[in-house]
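Observations on chain architecture
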Amino acid sequence: MAARPTWQGHLKLSLVTCPVALYTATSTASHVSFHLINPETNNRIRMVATDPETGPVERSDLVKGYEVSKDEYVLFDEADFDKVKLESTRTIDIGEFVDEHDIDRLYWDSPFYVVPEKGVGTEAFAVIRDAMKAAGKIAIGCLVLRGRERQIALEVRGKGLVAYSLRPHEEVRDTADYFDDIPEVKADKDMVEIATRIIAQKEADFDPSQFKDRYDDALREMIAAKQKGGKGLVEAPEPDDTNVVDLMAALRASLKGSAGGGGKAPAEKSPAKKAAAAKKPAAKKKAA
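Residues numbered from 1 in each chain as written. Predicted model: local features only at pLDDT ≥ 70, side-chain atom pairs only at ≥ 80, totals over all residues. Heavy atoms only, no water.

**Things to note about the overall build of the chain**
- Secondary structure assignment for the chain yields 7 helices and 14 strands.
- When burial is assessed residue by residue, the chain has 21% of its 288 residues classed as buried.
- The contacts of the chain with a sequence gap of at least 6 include a subset with a gap of at least 24, amounting to 61%.
- Per element, the accessible surface of the chain, about 23,400 Å² overall, is 53% carbon and sulfur. (Helix = DSSP H or I, 4+ residues; strand = E, 2+ residues; numbered from the N terminus. Buried < 20%, exposed > 50% of the residue type's maximum accessible area, 1.4 Å probe, protein only. Contact = heavy atoms within 4.5 Å. Areas by Shrake-Rupley, 256 points an atom, 1.4 Å probe, with all protein chains shown as cover.)

Structure, rendered in structure tokens:
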């Protein structure tokens, strides 16, 4: 396998244990990245670790420090971190099983592919995987990843498992802090009905291959234009806010536009209704 594992250790279910490796399931390699450049010289800026008293220092000589008071630190080197022995350091110990829908989506975080190491552990991995599939459950465990102990959720996917790191409870903000101030508004029944029809017309199968980063695409266009000597400006106008007055008109126009894409078009007005509608503006203008 070309990719290097992010973590290696053992997957444990009660007395059943097998060696596994975790691989990051996502990649940011396609993102457009930039360097800091001095425009006077066009040289790339290098970040140098510097001591305010002695000047530049080698990063390999540095240690980590925890600030206990202003400018006072407790120092740690790599040997100190190795002394913190936790069972989850090299073991994913499955502690419980839950239904997928019992885990709030706010807690789901980074995904990792869990792959068994080749050898005798493959059969034990298959036993754990197939038992989870038969039970239809998500496994909850923990491991130390990148210097932090993390709770993880494991689910069966194909011949392997996918582990999602779960955010700690204290990192998830309370929805009440944000949603309680949203004013109570009774949506117009007719508007909701039209919006529901628009949603029905836009139903589609989930297809992540269609997801594109248009910002990155625009940056690449600008990069290409600048390489050719042009300014490469890319502008995107901000959409106007929908006013309450024209909300119904916007909904009706949206429904009509969606219908043109394969949905059912709204019923055409009869000639009598068209004539009545045409007279209304004139009558109002006369009254004014």
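**A word on the nonpolar core**
- Ranked by internal contacts, the top residues of the largest apolar core, which has 20 residues, are Leu-11, Ile-92, Val-114 and Leu-154.
- Contributing elements (two or more residues each) for this core: strand S1 (7–13), strand S2 (16–24), strand S11 (108–116), helix H2 (121–135), strand S12 (138–145), strand S13 (148–157) and strand S14 (160–166).
- No other element matches H2, which puts 4 residues into this core.
- Not counting residues up to four positions away in its chain, the partners in contact with Val-114 are Val-20, Ala-21, Leu-22, Phe-125, Leu-154, Gly-160, Leu-161, Val-162 and Ala-163.
- Counting 9 residues, the second largest nonpolar core, distinct from the first, contains Ile-103, Ala-153, Tyr-164 and Leu-166. (Core = buried A, V, L, I, M, F, W, Y, C linked by side-chain atoms within 4.5 Å.)

**Brief notes about the sheet that holds S1**
- Within the open sheet, the 8 strands sit side by side as S9-S1-S2-S11-S14-S13-S12-S10. Their pairing is mixed. In this open sheet, the two edge strands, each paired with only one partner strand, are strand S9 (91–93) and strand S10 (96–98). In this sheet, neighbouring strand axes are inclined to one another by 40° on average, regardless of whether the strands run parallel or antiparallel.
- Strand direction decides the pairing type here: S1 and S9, joined by 3 bridges, are parallel. Residue pairing across strands places Lys-12 opposite Asp-93, the latter belonging to S9.
- Against the sheet, H2 engages S1, S2, S10, S11, S12, S13 and S14, with an angle of about 85° to S2. (Pairing = 2+ DSSP bridges. Axes fitted to C-alpha atoms, helices over the stretch in contact; angles between N-to-C directions.)

**Here's the deal with the side chain of Arg-129**
- Its location among the elements puts Arg-129 in helix H2.
- The buried category is assigned to Arg-129, whose relative accessible area is 16%.
- Within the structure, the side chain of Arg-129 is placed 2.9 Å from the side chain of Asp-130, a separation counted as a polar contact. (Polar contact = N/O pair within 3.5 Å; in protein donor to acceptor, adjacent residues only side chain to side chain.)

**What to know about a negative patch on the surface**
- There is a patch of like negative charges on the surface, built from Asp-174, Asp-177, Asp-180 and Asp-181.
- The topology assignment puts Asp-181 in the loop between helix H3 (176–179) and helix H4 (189–201).
- Asp-181 sits in the exposed class, given a relative accessible area of 67%. (Patch = residues over 30% accessible without salt bridge, like charges linked within 9 Å, V, L, I, M, F, W, Y side chains within 5 Å. Salt bridge = Lys/Arg side-chain N within 4 Å of Asp/Glu carboxyl O. Lys, Arg positive; Asp, Glu negative; His and termini not counted. Charge placed at Lys NZ, Arg CZ, Asp CG, Glu CD.)

**Section: H4**
- Between its terminal C-alpha atoms H4 stretches 19 Å, which fits the 18 Å expected from 13 residues at 1.5 Å a residue.
- Every buried residue of H4 is listed here: Met-191, Ile-194 and Ile-198. One side of H4 carries all its buried residues, which in axial view fall inside an arc of 65°. Of the exposed residues in H4, those oriented more than 90 degrees away from the buried face are Lys-189 and Ile-199.
- Its side-chain oxygen 3.0 Å from the backbone nitrogen of Asp-190, Asp-188 forms the N-cap of H4. (Expected span 1.5 Å × (residues − 1). Arc of directions from axis to C-beta.)

**Description of the pairing of S12**
- Where burial is concerned, most of S12 is hidden: 8 out of the 8 residues are buried.
- Going residue by residue along S12, you find Ile-138, Ile-140, Cys-142 and Val-144 tucked away on one face and Ala-139, Gly-141, Leu-143 and Leu-145 tucked away on the opposite face as well.
- Two elements, S10 and S12, share 3 bridges in a ladder whose sense is antiparallel. Residue Val-98 lies in a different strand from S12, and its bridge partner there is Ile-138.

**Digging into the side chain of Glu-155**
- Topologically, Glu-155 is positioned in strand S13.
- A polar contact is formed between the side chain of Glu-155 and the side chain of Tyr-164, at a distance of 3.3 Å.
- Contact partners of Glu-155, with chain neighbours within four places excluded, come to Glu-100, Met-132, Ile-138, Gly-160, Leu-161, Val-162 and Tyr-164.

**Side note on the packing of aromatic side chains**
- Per the stated rule, a full pass over the model turns up 1 aromatic pair.
- A ring pair is formed by Trp-108 and Tyr-164, whose centres lie 4.8 Å apart and whose planes are at 85°; its orientation type is edge-to-face. Highlighted residues: Trp-108 in strand S11 and Tyr-164 in strand S14, separated in sequence by 56 residues. Tyr-164 matches Trp-108 in its accessibility class, with the two residues each being buried. (Phe/Tyr/Trp six-rings, centres within 6.5 Å; stacked < 30°, edge-to-face > 60°.)

**Quick notes on H2**
- Along its 15 residues, H2 runs 21 Å from first to last C-alpha, staying within 8% of the 21 Å computed at 1.5 Å per residue.
- For H2, the complete set of buried residues consists of Gly-121, Ala-124, Phe-125, Ile-128, Arg-129 and Met-132. The buried side chains of H2 occupy one side of the element, clustering within an arc of 135° when seen end-on. Turned more than 90 degrees off the buried face of H2, the exposed positions are Glu-123, Lys-133 and Ala-134.
- Phi for Gly-136, located one or two positions after H2, is positive at around 65°.

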